[in-house]
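Next come the chains, spelled out residue by residue.
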Amino acid sequence: MKKKASDFRYNTGETRVPWPAVGENYNAHDLMEVIKFMMQGQGAEYDAAIDEVAEKVYALDKVSRAPGKLSLDVNVVAAEEACDEYLNTQGSLFVTNATAGFEIAYKYANIDPGDEVIVPAITFIATMAYPISVGAKIVICDVAPNTINMDPEDLKKKLSPKTKMVVPVHIGGYPCNMEEIMKVTKEYNKDIVVLEDAAHAFGAMYKGKRIGTIGDFGSFSFHEVKNVTSFGEGGIVCTNVEEMRPLMPRCRFFGSDFGAKPIDNWFYNVDAMPGKYGPFVALNSSTTEIQAIGLKLQVARNEQIIAERRKNAAYLTERFKANDAIIPQDIGGDDVQPTFHLYLLQIDPAKAGGDVQVLRKKLEAKGVTNLPHFGPLYRFNILKQLGYDVDAMSAACPVANEVFDHRFTHLPLYGIDEEQVQYMADAVLEAVEEMQKGL
Ligand SMILES: *Cc1c(COP(=O)(O)O)cnc(C)c1O
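What counts and how
- Residues numbered from 1 in each chain as written.
- Predicted model: local features only at pLDDT ≥ 70, side-chain atom pairs only at ≥ 80, totals over all residues.
- Heavy atoms only, no water.
- Helix = DSSP H or I, 4+ residues; strand = E, 2+ residues; numbered from the N terminus.
- Rg over C-alpha atoms; globule rule 2.2 N^0.38 Å.
- Buried < 20%, exposed > 50% of the residue type's maximum accessible area, 1.4 Å probe, protein only.
- Areas by Shrake-Rupley, 256 points an atom, 1.4 Å probe, with all protein chains shown as cover.
- Lys, Arg positive; Asp, Glu negative; His and termini not counted.
- Charge placed at Lys NZ, Arg CZ, Asp CG, Glu CD.
- pLDDT = per-residue confidence, 0-100.
- Salt bridge = Lys/Arg side-chain N within 4 Å of Asp/Glu carboxyl O.
- Contact = heavy atoms within 4.5 Å.
- Expected span 1.5 Å × (residues − 1).
- Polar contact = N/O pair within 3.5 Å; in protein donor to acceptor, adjacent residues only side chain to side chain.
- Pairing = 2+ DSSP bridges.
- Axes fitted to C-alpha atoms, helices over the stretch in contact; angles between N-to-C directions.
- Near = heavy atom within 4 Å.
- Patch = residues over 30% accessible without salt bridge, like charges linked within 9 Å, V, L, I, M, F, W, Y side chains within 5 Å.
- Core = buried A, V, L, I, M, F, W, Y, C linked by side-chain atoms within 4.5 Å.

S.K.: Would you mind showing me how to read the overall build of the protein chain here?
M.R.: On a plain count of helices and strands, the protein chain comes out with 15 helices and 17 strands. Expected size for 439 residues packed as a compact globule is a radius of gyration near 22 Å; at 24 Å, the protein chain falls within 12% of this value. Principal axes of the C-alpha set define a box for the protein chain whose edges measure 80 × 65 × 40 Å. Counting all 439 residues of the protein chain, 52% fall into the buried class. Carbon and sulfur atoms provide 55% of the accessible area of the protein chain, an area that totals close to 21300 Å². Looking at the protein chain, you have 45 positive and 60 negative side-chain charges, and the mean spots of the two groups are 3 Å apart.

The structure is reproduced here in structure tokens:
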């Protein structure tokens, strides 16, 4: 059976008086504004090119028609199929963003007040937003110093009878030690749901599997800053929970059911979704056909994109071997293949004669952008405002504090040319040498 992404939204098709799925459709003028937005420029040459395109678009408008649907239709299905093929999954779901994917996983686990969710110290706020929004308790796991990913050893200490979920994050697209994380978690309690925050890791491989497809759920981000984007926002969520797979499209749209028996005198039904421990209410994380076109095309380019990032990362790592105060990014091998979303640059403060804050300033002065992703979660106001003992949380994550304050930053790997990559390598080496000379 051909898969359907659709919500119900009308589109009654050929009738004497149809009820179209789209209200006010766009017109050629709207589309020209989109083209001008997507392809910006100025000057006489640009203006002339735009005029020429406009003429063609208005001509096309006279002989074409608008699509029947703009949301959840054939392109959404095609994008999901492309992701399934790429990830070797079934039933991947294209949602508004990675956070919406997390939400489905959290709801499946019926995360409620009183439950504990373990997340790593170094991650984006999105990882823990849902559980804290429903009053569940966040427990913060320390990170491993070499990867700044969730440390399975510390995870052992943070698991408790109240732990309902564990959420490893593949920071910078570098795979977590999933084997250990799964083992430690499931041996403690096989009912704990593991959600992979794979926002940075679309296409990463770990021991022959795609990252994001190893835990019970995995969610990827296609926000504009990530490796590939569905025109600004988007996410894919996939699951190994077999009974949830066919229900995922309904988790994206209020649990509405257009296939089963409708209520009398109406054309669909709505169900609470079956969570692990009880029903939950699905919200709306529908995506558009235009986003789907972007995703489908970019997924097809992802291997090339990763290869280019990898080349730059390998170059930096090779150059950084020249100074043993620099701890270069591990570029992986057969078992671990990162996406190189970010380049993890670390230094040994004792050998460098100063910490990464000094290095960061020097790099900035040399015009090299560097951004450590991310500050430890307990340092943001939000957990304190919610009544957490953030000092105790911080004390329980010594490595996260040490690496963030003293050891790491991230460098860009994409959208920069060879000369810029070389300049970046030179600048880092120079800056560390200056530090070593006490300059
Ligand atoms: C970007 C990001 C997210 C959120 O992704 P969205 O698609 O914006 O919801 C989650 N986790 C990490 C680590 C991220 O960097």
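S.K.: Would you take a moment to explain the confidence of the model for the protein chain for this structure?
M.R.: The predicted coordinates should not be examined in detail at positions where pLDDT is low. In this model, the protein chain carries a mean pLDDT of 95, and residues with pLDDT of at least 70 account for 97%. Per-residue pLDDT, averaged within each element of the protein chain, yields its smallest value for strand β10 (residues 256–257) (87) and its largest for strand β5 (residues 193–197) (99).

S.K.: I'm lost on the pattern of salt bridges in this one. Help?
M.R.: A side chain with one charge may pair with a side chain of the opposite charge, provided their charged atoms come close. Scanning the entire structure with this criterion turns up 24 salt bridges. As a salt-bridge pair, aspartate 216 and lysine 186 come within 2.8 Å of each other at their nearest N and O atoms. One end of the pair, aspartate 216, is in the loop between β7 (209–210) and β8 (217–221); the other, lysine 186, is in helix α7 (residues 178–188), with 30 residues separating them in the sequence. Note on aspartate 216: relative accessible area 15%, which makes it buried. Between aspartate 257 and arginine 250 there is a salt bridge; the shortest N-O distance is 3.4 Å. Both residues of the pair, aspartate 257 and arginine 250, count as buried.

S.K.: Would you explain the environment of serine 230 in this entry?
M.R.: Mapped onto the elements of the fold, serine 230 is located in the loop between β8 and β9 (235–239). Given the relative accessible area of 0%, serine 230 is considered buried. Spatially, the C-alpha atoms of serine 230 and valine 17 are 35 Å apart, while their sequence positions differ by 213 residues. Ignoring any residue separated from it by four or fewer positions in sequence, one finds serine 230 in contact with Phe94, Phe222, Gln291, Gly294 and Leu295.

S.K.: What is the right way to look at helix α15 (residues 418–436) in this model?
M.R.: Owing to its 3.6 residues per turn, the α-helix aligns residues three or four sequence positions apart on the same side. With 19 residues, α15 extends 27 Å between its outermost C-alpha atoms, agreeing within 8% with the 27 Å of an ideal straight helix rising 1.5 Å per residue. Turning to α15, its buried residues number three or more, namely Val421, Met424, Ala425, Ala427, Val428, Leu429, Ala431, Val432 and Met435. The inward-facing, buried residues of α15 abut α9 (289–320), β14 (326–327), β16 (343–347), α10 (349–352), α11 (356–365) and β17 (408–411). For α15, the N-terminal cap is aspartate 417; the gap from its side-chain oxygen to the backbone nitrogen of glutamate 419 is 3.2 Å.

S.K.: I tried to follow the sheet that holds β9 on my own but got confused; where do I start?
M.R.: Within a sheet, adjacent strands bond to each other through the backbone by hydrogen bonds, running parallel or antiparallel. As summarised here, the arrangement of the seven strands in space is β1-β9-β8-β5-β4-β2-β3, forming an open sheet in which the pairing is mixed. At either margin of the open sheet sits one strand with a lone partner, and together these are β1 (93–95) and β3 (137–141). Averaged over all neighbouring strand pairs, the angle between strand axes comes to 25°, with direction disregarded. Note: β8 against β9, five bridges, orientation antiparallel. Note that in β9 the partner of phenylalanine 217 across the bridge is threonine 239. Relative to the sheet, helix α4 (residues 98–108) contacts β1, β2 (116–120), β4 (163–166), β5, β8 and β9, its axis offset from that of β8 by approximately 165°.

S.K.: How do you make sense of the site of the ligand when you look at a structure like this?
M.R.: Residues in contact with the ligand amount to 17 residues; listed here are only the nearest, Thr99, Asp197, His200, Ser221 and Lys226. Within the side chain of serine 221, a nitrogen or oxygen atom sits 2.7 Å from an oxygen atom of the ligand. In isolation the ligand has 380 Å² of accessible area, and contact with the protein removes 93% of it. Sorting the residues of the shell around the ligand by element identifies α4 and α5 (126–133) as the ones contributing at least two each. In terms of residue count, α4 provides more of the shell around the ligand than any other element does, three residues in total.

S.K.: Would you mind going over a negative patch on the surface with me for this structure?
M.R.: Taken together, Asp47, Asp51, Glu52 and Glu55 make up a surface patch of like negative charges. Take glutamate 55: its relative accessible area is 60%, and that puts it in the exposed class.

S.K.: Looking at this model, I keep getting lost on the sheet that holds β7. Mind explaining?
M.R.: The three strands are arranged β7-β6-β15 in an open sheet whose pairing can be described as antiparallel. Pairing within the sheet leaves two strands with one partner each, and these edge strands are β7 and β15 (336–337). Alignment of strand β6 (residues 205–206) against β15, held across two bridges, turns out to be antiparallel. Residue pairing across strands places methionine 205 opposite glutamine 337, the latter belonging to β15.

S.K.: I'm lost on the pairing of β8 in this one. Help?
M.R.: Along any regular strand the residues' side chains alternate between the sheet's two faces. Extensive coverage of β8 is indicated by the burial of five of its five residues. Bridge count between β5 and β8: three bridges; the pairing is parallel. For leucine 195, the partnering residue across the bridge sits in β8 and is phenylalanine 217.

S.K.: Explanation requested: the nonpolar core in the structure shown.
M.R.: Most often, soluble globular proteins keep nonpolar side chains buried together rather than apart. Residues Tyr106, Val119, Ile138, Ile140, Met165 and Phe217 are the most contacted members of the largest nonpolar core, which totals 53 residues. Tallying contributions element by element places α4 first for this core, with seven residues. In terms of nonpolar packing, the next biggest core, distinct from the first, is built from 40 residues, Leu155, Ala198, Val228 and Val299 among them.

S.K.: Looking at this model, I keep getting lost on the pairing of β9. Mind explaining?
M.R.: Most of β9 sits out of view: five of its five residues are buried. Examined bridge by bridge, β1 and β9 share three bridges and lie antiparallel to one another. Bridge pairing links valine 95 to glycine 235 in β9.

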